[in-house]
Amino acid sequence: MLIVGERINTSRKVKGEPVVERAVVNRDADYIKDLAVKQFEAGATYIDINAGTLTSGEPEALEWLTKVVMEAVDAPISFDTPNPAALARALKAYDPSKGQPMINSITAESERYSNVLPFVLDYKAKVIALAMDDSGIQQDPAKRLAVAKNLVEKLSDAGVPMDDIYVDPLTFPIGTGSDVAVAMLDIIEKIKAEYPEVHVIAGLSNISHGMPARKLLNQAMTVLAMGRGLDAGILDPNDRYLMALIYATEALLGRDEYCMNYITKSREGAFEGL
Ligand code: THG
């Protein structure tokens with residue numbers, strides 16, 4: 001499972017306080033480095049950076065975040081922005097020896113598609129493909145699936161390797177409709193069946209937005225989605241129980257030969273006290 005650590009996001013609040021946004025505005029490198037190091041040590045493969053709340057200051061902030069995260073950890077970065085100016089500055093500052101960059105994200109919206117595709121090709125990046133187009137986000141699962149398939153075909157025709165495409169079916173809060181999770185699981189399975197070499201990723205913490213005991217819903221959704229073929233997640237790697245469940249689920253799904261990773265994590269103490 002590819003883990004994309006979500007915690008460096010200026011929209012994140014801790015006890016109602018926009019702590020990440022404040023750190024970015026004040027250029028508090030130590031605060032950001034600590035978030036990067038803790039996620040990396042907890043098992044994040046990629047560190048996602050998102051400065052979307054800063055609007056006009058976003059390009060400069062994303063470039064700064066790129067440099068600070070690179071100083072802190074030897075991990076590749078997921079650039080979480082629809083803003084071409086921010087992507088341009090951040091990718092220019094990025095050192096590819098950290099690993100293949102990930103662009104989060106492209107959509108089938110004509111303007112966003114044509115703005116973001118050149119970066120994907122120029123930087124040979126992995127790319128998250130959101131299942132939406134100029135008509136917006138389709139609520140009907142069959143329609144949303146059709147949008148995702150169209151986007152995969154377009155990217156592939158443009159020369160993006162299937163293995164670099166991460167389809168995101170889009171996660172709606174379960175509070176917005178009792179069938180949104182079931183629909184999402186259905187889309188995950190159908191994408192995997194149609195394109196076995198394509199990856200499926202989701203921002204799993206969105207499922208619990210506005211609900212009590214959010215972690216519980218995030219954990220349950222992660223296990224369910226993995227069971228249907230999800231192989232990457234934008235999530236909080238500092239939720240130890242979530243990470244433990246992911247290792248256990250990988251082993252049970254036959255994605256961990258001889259349970260080697262599960263056993264290694266156990267020896268490293270990942271399950272202590274759980
Ligand atoms: N798909 C893709 N990218 C994404 C999302 C997605 N990027 C942004 C978002 N969704 C994923 N990142 C987050 C980050 C934080 C939270 C949810 C999704 C979140 N944070 C809690 C809060 O703000 O209240 C705080 C919890 C904590 O302590 O971390 O909910 O879907 N491609």
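Up top is the structure.
Residues numbered from 1 in each chain as written. Predicted model: local features only at pLDDT ≥ 70, side-chain atom pairs only at ≥ 80, totals over all residues. Heavy atoms only, no water.

Topic: the sheet that holds strand β5 (residues 126–130)
Part 1 of the argument: The strand order β1-β2-β3-β4-β5-β6-β7-β8 describes a closed barrel built from 8 strands, whose pairing is parallel. Sheet twist, expressed as the mean angle between neighbouring strand axes with direction ignored, is 25 degrees.
Part 2 of the argument: As judged from the 4 bridges shared by strand β1 (residues 2–9) and strand β2 (residues 46–50), these two strands associate in the parallel manner. When the sheet's bridge partners are listed, Ile8 is paired in β2 with Ile49.
Part 3 of the argument: Helix-sheet contacts for helix α7 (residues 180–194) involve β6 (165–168) and β7 (199–203), and the interaxial angle to β7 is about 160 degrees. (Pairing = 2+ DSSP bridges. Helix = DSSP H or I, 4+ residues; strand = E, 2+ residues; numbered from the N terminus. Axes fitted to C-alpha atoms, helices over the stretch in contact; angles between N-to-C directions. Contact = heavy atoms within 4.5 Å.)

Some remarks on α7
Each α-helix turn comprises 3.6 residues. Residues three or four places apart therefore point the same way.
Part 1 of the argument: Here α7 contains 15 residues, and its C-alpha end-to-end distance of 21 Å stays within 8% of the 21 Å for a straight helix at 1.5 Å per residue.
Part 2 of the argument: Listed in full, the buried residues belonging to α7 are Val180, Ala181, Ala183, Met184, Leu185, Ile187, Ile188, Ile191 and Lys192.
Part 3 of the argument: In the core, the buried residues of α7 are packed alongside α6 (141–157), β6, β7 and α8 (214–227). (Expected span 1.5 Å × (residues − 1). Buried < 20%, exposed > 50% of the residue type's maximum accessible area, 1.4 Å probe, protein only.)

Some words on the packing of helix α3 (residues 58–72) against helix α4 (residues 84–93)
Part 1 of the argument: Contact geometry of α3 with α4 gives a least axis separation of 8 Å together with a crossing angle of 25 degrees. Considering their axes alone, α3 and α4 lie roughly parallel with respect to each other. Pair α3 / α4 crosses with right-handed handedness. Contact with α3, carried on its side by Glu58, Pro59, Glu60, Leu62, Glu63, Thr66, Lys67 and Met70, involves Ala85, Ala86, Arg89, Ala90 and Ala93 of α4 and no other residues of that element.
Part 2 of the argument: Split by residue class, the contact of α3 with α4 holds 7 nonpolar, 1 polar and 5 charged. (Parallel < 35°, antiparallel > 145°, perpendicular 65-115°, else oblique. Left-handed = near helix turned anticlockwise from the far one by under 90°. Nonpolar A, V, L, I, M, F, W, Y, C, P; charged D, E, K, R; others polar.)

Notes on the pattern of salt bridges
Part 1 of the argument: Taken as a whole and assessed by the stated rule, the structure comprises 15 salt bridges.
Part 2 of the argument: Across the pair Glu63 and Arg89 runs a salt bridge, and its minimum N-O distance is 2.7 Å. With Glu63 in helix α3 and Arg89 in helix α4, the pair connects residues that are 26 residues apart, well separated along the chain.
Part 3 of the argument: The class for Glu63 is buried, based on a relative accessible area of 16%.
Part 4 of the argument: Among the ionic contacts, a cluster of salt bridges with common partners joins Glu63, Lys67 and Arg89. (Salt bridge = Lys/Arg side-chain N within 4 Å of Asp/Glu carboxyl O.)

A closer look at the pairing of strand β8 (residues 232–235)
Put simply, side chains in a regular strand alternate between the two faces of the sheet.
Part 1 of the argument: Residues Ala232 and Ile234 line one face of β8 and the alternating positions Gly233 and Leu235 line the opposite face, and both faces are buried.
Part 2 of the argument: Pairing of β1 with β8 involves 4 bridges; the strand directions are parallel. Within the sheet, the bridge partner assigned to Val4 lies in β8 and is Ile234.
Part 3 of the argument: Examined bridge by bridge, β7 and β8 share 3 bridges and lie parallel to one another. Each bridged residue has a counterpart across the sheet, and for Ala202 the counterpart in β8 is Gly233.
Part 4 of the argument: Handedness of the crossover joining β7 and β8 through α8: right-handed. (Right-handed = clockwise from strand over helix to strand, strands pointing away.)

Focus: the site of the ligand
Part 1 of the argument: Close to the ligand lie 15 residues, the nearest being Arg12, Asp80, Asn104, Asp168 and Arg214.
Part 2 of the argument: Between an oxygen atom of the ligand and a side-chain N or O atom of Arg12, the distance comes to 2.9 Å.
Part 3 of the argument: Asp80 has a polar side-chain atom sitting 2.8 Å from a nitrogen atom of the ligand.
Part 4 of the argument: Here the ligand has 670 Å² of accessible area as a free molecule, and 76% of this is covered by the chains.
Part 5 of the argument: Element by element, the count of residues in the shell around the ligand is highest for β1, at 3 residues.
Part 6 of the argument: Split into classes, the residues belonging to the shell around the ligand amount to 3 nonpolar, 5 polar and 7 charged. (Near = heavy atom within 4 Å. Polar contact = N/O pair within 3.5 Å; in protein donor to acceptor, adjacent residues only side chain to side chain. Areas by Shrake-Rupley, 256 points an atom, 1.4 Å probe, with all protein chains shown as cover.)

A few points about the side chain of Thr171
Part 1 of the argument: Of note, Thr171 is situated in the loop between β6 and α7.
Part 2 of the argument: Residue classification places Thr171 among the buried residues on the basis of a relative accessible area of 10%.
Part 3 of the argument: One polar contact links the side chain of Thr171 to the main-chain carbonyl oxygen of Gly203, over a distance of 3.2 Å.
Part 4 of the argument: With near-sequence residues (within four places) excluded, Thr171 lies in contact with Met184, Ala202, Gly203, Leu204, Asn206 and Ile207.

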